[in-house]
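Coordinate inspection notes
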Amino acid sequence: MRALLVEDNQVLADGVALAFSKAGLNLEHAGTLEGARAFLSAFSVDIVLLDLTLPDGDGLTLLGEMRARQDRTPVLILTARDAVRDRVTGLDRGADDYLTKPFALDELMARARALARRQAGATDARLTVGPLMLDTAGYQAWLDQIALNLPRREFACLAILATNANAVVSKDSLISALYNNADPPMPNAIEVIISRLRKRLTHPAIALKTVRGVGYMLLEHDR
Amino acid sequence: MTAANRQGDLAPPNSARTEMSLRRRLLLFLLLPLIPLSAMLIMLIYWAIRSATTESYDRVLEGSALAIADRVVLESSTLVVDLPYAALQMLTNSAEDRVFYSVQIYPSGEVITGYRDLPAPDFTTGNDGEDRIVQYIDFRGERMRMVAIRDEALSYAAKQTFVVLVAETMGQRQVVLERYLRRAVLAFVIGVFLVSALTLYAVNLGLRPLRNLAQAVRLRGERDLRAIRRPVPPEGQPLVDEINALFARLEKALNSHRRFVSNTAHQLRTPLAELKTQLEVARLEGTPPDLSGLSGRVDGLAHLVDQMVLLSRIGEQPSGVDTFGDVDLRVLAEQAVAEWSLRAIEAGIDLGLQVEAKAPSRVHGHQSLLLEALGNLIDNVIKHAAGATTATIQVHKDRLIVTDDGPGFRPKGSNESSVQRFGLSIVHEIMDLHKGRVTQNLGLRAEVALIFDGEDDLGSKGTAP
């Protein structure tokens with residue numbers, strides 16, 4: 001994964017760079033909008049970490065430019081400003097996620113990974129969550145390189161959970177993704193699928209959690 | 001607050017239509033009817049003057065005719081008029097007007113003396129039995145007033161009926177009519193002017209209490225929110241009452257703001273002092289500080305600042321994205337669970353949702369503030385409910401209840417952290433804003449309920465108070 005950090009605060013930038021290099025990932029750093037524009041015109045990245053208050057303008061301008069030229073690179077907004085308002089305007093302009101300063105570095109890493117994973121899942125059909133790997137084109141899943149040979153519907157359920165790893169997926173959205181009107185689910189169908197998946201995913205690094213009354217979450221320990 | 005600012009507050013918002021001033025309105029309604037009324041009165045006066053002059057001039061004319069008739073005698077069955085012209089001229093109304101006369105035998109119309117072509121009126125049709133006719137005629141190209149008198153001349157043996165006609169040009173009548181009319185109109189204009197001036201004065205006098213009130217409000221300092229005690233007329237009292245009520249609300253809001261600022265300053269100072277102490281201890285002892293503990297404290301501080309920003313924004317003008325609206329409690333609770341699940345799981349707490357309401361539970365509320373309130377309660381469970389393994393948000397018709405199986409919230413003043421205390425006080429503030437309540441139950445299962453029982457009241461207001 002290659003990321004571009006657009007941030008004018010050197011202390012923050014150094015911290016993020018350290019976290020990325022410890023995780024063995026590439027991070028490019030631009031201190032101004034101009035620098036970020038120049039970099040993005042020459043290279044492509046997997047994710048942009050975008051500060052909003054920059055010396056030569058508003059980060060939202062860069063986001064607007066990217067989206068205007070159909071650049072779908074995931075953008076994670078880092079803001080020290082009014083959280084609620086920035087969340088709404090940022091997401092309106094096509095940002096994928098936001099994080100308020102100050103943030104924990106591992107939270108930033110997890111969000112960045114999740115965004116990159118979602119983007120990758122949308123383009124190259126390969127998805128990795130810890131020891132779990134999915135090939136959404138070939139309907140194959142591996143846990144620690146061992147093929148799981150999941151039935152089609154269980155695979156689809158796992159793919160949705162993996163795409164949204166570490167986030168809650170509601171039961172309703174699973175039902176509407178896995179079933180349609182012509183093929184309505186049996187009572188407890190989702191519970192059955194989940195319990196089967198749970199039996200297969202016996203690995204200390206991942207867990208399939210039930211969020212009572214809401215849905216499920218594929219949890220990656222040791223993010 | 002500047003003068004311009006204050007004026008802006010008083011101006012009707014976004015209204016292209018400007019309201020007419022009370023003074024102008026009163027003057028308009030009082031003085032506008034004077035125009036048709038004056039026209040009508042002037043018309044009446046015109047008619048009165050006209051009929052008065054006509055009547056008096058006619059009488060003089062009639063006198064002339066009667067004087068002539070007196071001089072008509074019957075001498076051996078022949079009518080004779082003994083009248084010097086100069087005498088006739090004396091009988092006219094004025095020097096400028098010309099007089100024409102004629103004495104004729106009735107009914108043959110044979111002229112005895114005077115102007116032959118002066119036309120005699122018809123005494124038979126329409127004027128039956130009348131011996132005296134006054135009418136307008138056109139004679140020699142002029143409009144004239146003419147009196148016709150039918151009389152009889154008697155001798156010892158015979159009698160003869162005759163007619164006396166006297167016509168007069170109307171120059172003097174017109175002059176007099178115009179003169180009186182001019183005076184009347186002048187008097188009238190003066191009258192209208194006086195009435196207007198009096199009305200203006202009376203209106204100004206009548207509106208003085210209102211101006212005095214405005215003056216009193218203008219002279220108020222911006223921190224002086226005492227109720228206005230000045231006596232005002234009963235019509236002004238509702239306005240003064242409303243202003244006083246607004247003052248009271250402002251005072252309350254200001255006080256709660258002051259309290260909030262001083263509270264938060266204290267709340268911020270405590271964790272900062274702790275942080276400082278930890279760093280000092282580490283420096284003095286030469287040992288590395290407890291980094292994860294420090295990081296946690298900084299997180300707590302950051303969270304505190306977030307919530308302060310959120311709360312400070314409550315009173316702002318609605319900005320479209322972040323206002324009061326319809327909030328589905330179930331959706332809200334689902335959002336809160338989704339947001340907090342990861343942290344709950346990492347803390348070993350099973351966070352879940354339980355829908356108790358049969359129908360969708362909708363309240364009028366502020367989505368992000370309520371999410372924050374719920375988040376604070378969950379955060380409290382995660383951080384402070386030692387020994388808790390499950391936490392559940394129950395969605396009821398008019399309330400959200402957060403319960404956990406921990407030992408419950410410790411009573412105030414004990415070992416709870418400053419952040420926790422502040423978190424709860426924010427929950428209280430937010431529920432106050434929703435005209436709702438917060439209840440805590442420290443039984444076997446600790447539970448905190450957010451109860452919405454004032455949402456109708458809030459709904460009618462539309463925005464945050």
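Notes on the structure follow. (Residues numbered from 1 in each chain as written. Chains lettered and ligands numbered in written order. Predicted model: local features only at pLDDT ≥ 70, side-chain atom pairs only at ≥ 80, totals over all residues. Heavy atoms only, no water.)

1. Some words on the overall build of chain A
Along the backbone of chain A there are eight helices and 14 strands. Within chain A, residue pairs in contact and separated by at least 24 positions form 55% of the contacts whose partners lie at least 6 positions apart. Total accessible area on chain A is roughly 10,700 Å²; 51% of this is exposed by carbon and sulfur atoms. (Helix = DSSP H or I, 4+ residues; strand = E, 2+ residues; numbered from the N terminus. Contact = heavy atoms within 4.5 Å. Areas by Shrake-Rupley, 256 points an atom, 1.4 Å probe, with all protein chains shown as cover.)

2. Comments concerning the packing of aromatic side chains
The tally for this structure, following the rule as stated, stands at five aromatic pairs over all chains. Judged by centre distance (5.4 Å) and plane angle (55°), the ring pair of Tyr139(A) and Phe155(A) falls under tilted. Here Tyr139(A), found in the loop between β9 (132-135) and β10 (140-143), pairs with Phe155(A), found in helix α6 (residues 152-163); they are 16 residues apart in sequence, far enough to count as distant. Using a relative accessible area of 37% as the deciding quantity, one classes Tyr139(A) as partly exposed. Classification of Phe155(A) as buried rests on a relative accessible area of 2%. Taken together, a centroid distance of 5.3 Å and an interplanar angle of 80° make the contact between Phe100(B) and Phe139(B) edge-to-face. (Phe/Tyr/Trp six-rings, centres within 6.5 Å; stacked < 30°, edge-to-face > 60°. Buried < 20%, exposed > 50% of the residue type's maximum accessible area, 1.4 Å probe, protein only.)

3. Quick word on the environment of Gly57(A)
Mapped onto the fold, Gly57(A) is located in strand β5 (residues 57-58). Those residues in contact with Gly57(A) that lie beyond four places of it in its chain are Leu33(A) and Leu52(A).

4. Describing a positive patch on the surface
Among the surface-exposed residues, Arg23(B), Arg24(B), Arg208(B) and Arg211(B) lie close enough to one another that they form a single positively charged patch. For the positive patch, the secondary-structure elements that each account for two or more residues are α2 (22-31) and α6 (208-218) of chain B. (Patch = residues over 30% accessible without salt bridge, like charges linked within 9 Å, V, L, I, M, F, W, Y side chains within 5 Å. Salt bridge = Lys/Arg side-chain N within 4 Å of Asp/Glu carboxyl O. Lys, Arg positive; Asp, Glu negative; His and termini not counted. Charge placed at Lys NZ, Arg CZ, Asp CG, Glu CD.)

5. Section: unusual backbone geometry
All names here are of chain A. Backbone geometry at Asp144 places phi at a positive 50°, although glycine is not the residue there. Positive phi is not limited to glycine here, since Gln145 has a value of about 65°. Relative to the helices and strands, Gln145 resides in the loop between β10 and β11 (146-147).

6. What about the packing of helix α2 (residues 33-42) of chain A against helix α3 (residues 59-68) of chain A?
Think of two packed helices as two axes; the pair is described by the angle between the axes and how far apart they sit. Residues and elements named next belong to chain A. Contact geometry of α2 with α3 gives a least axis separation of 10 Å together with a crossing angle of 20°. One element, α2, and the other, α3, form an angle in the roughly parallel class. As α2 runs across α3, the sense of the crossing is right-handed. Residues Leu33, Ala36, Arg37 and Leu40 of α2 form the contact with α3, whose own contacting residues are Gly59, Thr61, Leu62, Glu65 and Met66. Looking at the contact of α2 with α3, its residues break down into five nonpolar, two polar and two charged. (Axes fitted to C-alpha atoms, helices over the stretch in contact; angles between N-to-C directions. Parallel < 35°, antiparallel > 145°, perpendicular 65-115°, else oblique. Left-handed = near helix turned anticlockwise from the far one by under 90°. Nonpolar A, V, L, I, M, F, W, Y, C, P; charged D, E, K, R; others polar.)

7. A few points about the pairing of β10(A)
Residue and element names in this part refer to chain A. Here β10 shows a clear split, with Ala141 and Leu143 buried on one side and none of Gln140 and Trp142 buried on the other. Counting the residues in the hairpin turn of β9 and β10 gives four residues, including Tyr139, whose phi is positive at 55°. In the sheet, β10 pairs with β11 via two bridges, with the strands oriented antiparallel. Bridge pairing in β11 links Trp142 to Ala147. Connecting β10 to the antiparallel partner β11 that follows it, the hairpin turn spans two residues, and Asp144 within it adopts a positive phi of roughly 50°. (Pairing = 2+ DSSP bridges.)

8. Describing the side chain of Ser102(B)
Residue and element names in this part refer to chain B. In this fold, Ser102 is placed in strand β3 (residues 99-105). Under the relative-accessibility criterion, Ser102 is labelled buried at 0%. Each residue touching Ser102, except ones within four places of it in the same chain, is listed here: Val111, Thr113, Gly114, Tyr115, Leu118, Val163, Val164 and Leu165.

9. Side note on the sheet that holds strand β8 (residues 126-129) of chain A
Residue and element names in this part refer to chain A. Spatial strand order, β8-β9-β10-β11: four strands in an open sheet with antiparallel pairing. Here the strands that pair on one side only, and so sit at the sheet edges, are β8 and β11. Along the sheet, α6 contacts β8, β9 and β10; its crossing angle with β9, the most-contacted strand, is approximately 115°.

10. Some words on α3(A)
Residues and elements named next belong to chain A. If you check which residues of α3 are buried, you get Gly59, Leu60, Leu62, Leu63, Met66 and Arg67. Along α3, the residues classed as buried sweep out an arc of 155° about the axis, all on the same side. The opening residue of α3 is Asp58, an N-cap whose side-chain oxygen sits 2.9 Å from the backbone nitrogen of Leu60. The first or second residue beyond α3 is Gln70, which carries a positive phi of 60°. (Arc of directions from axis to C-beta. Polar contact = N/O pair within 3.5 Å; in protein donor to acceptor, adjacent residues only side chain to side chain.)

11. Some details on the pattern of salt bridges
All names here are of chain A. In this structure the tally under the stated criterion is 26 salt bridges over all chains. Residue Glu107 pairs with Arg111 through a salt bridge whose shortest N-O separation is 3.0 Å. Here Arg111 and Glu107 lie together in helix α5 (residues 105-123), a separation of four residues that amounts to about one turn. The partly exposed category is assigned to Glu107, whose relative accessible area is 28%. When salt bridges with common partners are traced through the structure, they connect Glu34, Arg37 and Glu65 into a single cluster.

12. Re the packing of helix α7 (residues 171-178) of chain A against helix α8 (residues 189-200) of chain A
Residues and elements named next belong to chain A. Remark: α7 packs on α8, axes separated minimally by 10 Å, with the N-to-C direction vectors making an angle of 95°. By the criterion of interaxial angle, the relationship of α7 to α8 is roughly perpendicular. Contacts between α7 and α8 involve Lys171, Leu174, Ile175 and Leu178 from the first element and Ile190, Glu191 and Ile193 from the second. Looking at side-chain class alone, the contact of α7 with α8 contains five nonpolar, no polar and two charged residues.

13. Brief notes about a nonpolar patch on the surface
Residue and element names in this part refer to chain B. Taken together, the side chains of Met20, Leu28, Phe29, Leu32 and Ile35 present a nonpolar region at the surface, about 510 Å² in accessible area. The topology assignment puts Ile35 in helix α3 (residues 34-70). Looking at Ile35, the relative accessible area reads 58%, which means it is exposed.

In short, the description is geometric, and any link to function would need to be established separately.
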